[in-house]
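# Structural overview
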Amino acid sequence: MAAEPTTAPKPGGKTWEQRRIPAALLRYRVMAYVVGVLLAVLVLVAMPLKYLADEPRLVEVIGTLHGFLYAVFLLTAFDLALRARWTAKGILGVLLAGTVPFLSFVAERIVTRRTRAGERV
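Owing to the predicted nature of the structure, the values given are computational and were not obtained by experimental measurement. (Residues numbered from 1 in each chain as written. Predicted model: local features only at pLDDT ≥ 70, side-chain atom pairs only at ≥ 80, totals over all residues. Heavy atoms only, no water.)

The subject of this paragraph is a nonpolar patch on the surface. A contiguous nonpolar patch, built from V43, L44, V45, L49, L58 and F102 and spanning about 470 Å² of accessible area, is present on the exposed surface. Sorting elements by how many residues they give to the nonpolar patch places helix α1 (residues 21-52) first, with four residues. Here L58 lies in helix α2 (residues 57-84). The exposure class of L58 is partly exposed, given its relative accessible area of 30%. (Patch = residues over 30% accessible without salt bridge, like charges linked within 9 Å, V, L, I, M, F, W, Y side chains within 5 Å. Areas by Shrake-Rupley, 256 points an atom, 1.4 Å probe, with all protein chains shown as cover. Salt bridge = Lys/Arg side-chain N within 4 Å of Asp/Glu carboxyl O. Helix = DSSP H or I, 4+ residues; strand = E, 2+ residues; numbered from the N terminus. Buried < 20%, exposed > 50% of the residue type's maximum accessible area, 1.4 Å probe, protein only.)

Here it is as structure tokens:
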């Protein structure tokens, strides 16, 4: 199990827990997985059904759901980014990761590891 970060004050005077990073990280992780799974289902199941079996309903449902939940993912990622004081490059990379199939899973692991270590993304 990863070591928990220290509770020493960060620049700005607040500790890791006072900025509520653990809760924001959990919200981000859940949304990264949800968006990643929906995007994978959209690309690997719904899109082939639409174009190979002329069945567009699944794309309409999953595509709309993914779009809405991607907006929620953006909010949770941005919330974590502000609390953990990410770099602009890190923010942009993580936000774009939800648009590439399977990349949100990779980004989630990197963000979790670095955030728990007290490092900036």
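What follows picks up the thread again.
Membership of the largest hydrophobic core comes to 28 residues, with the highest contact counts inside it found for Y28, F73, L80, W86, V94 and V111. Secondary-structure elements contributing two or more residues to this core are α1, α2, α3 (88-97) and α4 (103-116). Here this core takes 11 residues from α1, the largest share from any one element. In this structure Y28 touches F73, T76, A77, L80, V94, A107, E108 and V111, once residues within four positions along its chain are discounted. (Core = buried A, V, L, I, M, F, W, Y, C linked by side-chain atoms within 4.5 Å. Contact = heavy atoms within 4.5 Å.)

Further remarks concern the packing of aromatic side chains. Evaluation of the coordinates by the stated rule reveals five aromatic pairs. Aromatic pair Y28 and W86: ring centres 6.3 Å apart, planes at 90 degrees, arrangement edge-to-face. A residue pair is termed long-range when its members are at least 10 positions apart, and Y28 in helix α1 and W86 in the loop between α2 and α3 qualify at 58 residues. Residue Y28 is classed as buried on the basis of its relative accessible area of 0%. On the accessibility criterion, W86 (6% relative accessible area) is buried. Aromatic ring contacts, followed pair by pair, group Y28, Y70, F73 and W86 into a single cluster. (Phe/Tyr/Trp six-rings, centres within 6.5 Å; stacked < 30°, edge-to-face > 60°.)

The next subject is the UniProt feature "transmembrane region" (unreviewed entry) in the protein. Per the UniProt record, "transmembrane region" (unreviewed entry) is found at residues 30-49, 61-82 and 88-107. Each end of residues 88-107 is marked by a C-alpha atom, and these two atoms are 15 Å apart; helix forms 75% of the span and strand 0%. (UniProt positions renumbered as here; feature names shortened; annotations may be inferred.)

Backbone geometry at D54 places phi at a positive 50 degrees, although glycine is not the residue there. Along the chain, D54 falls in the loop between α1 and α2.

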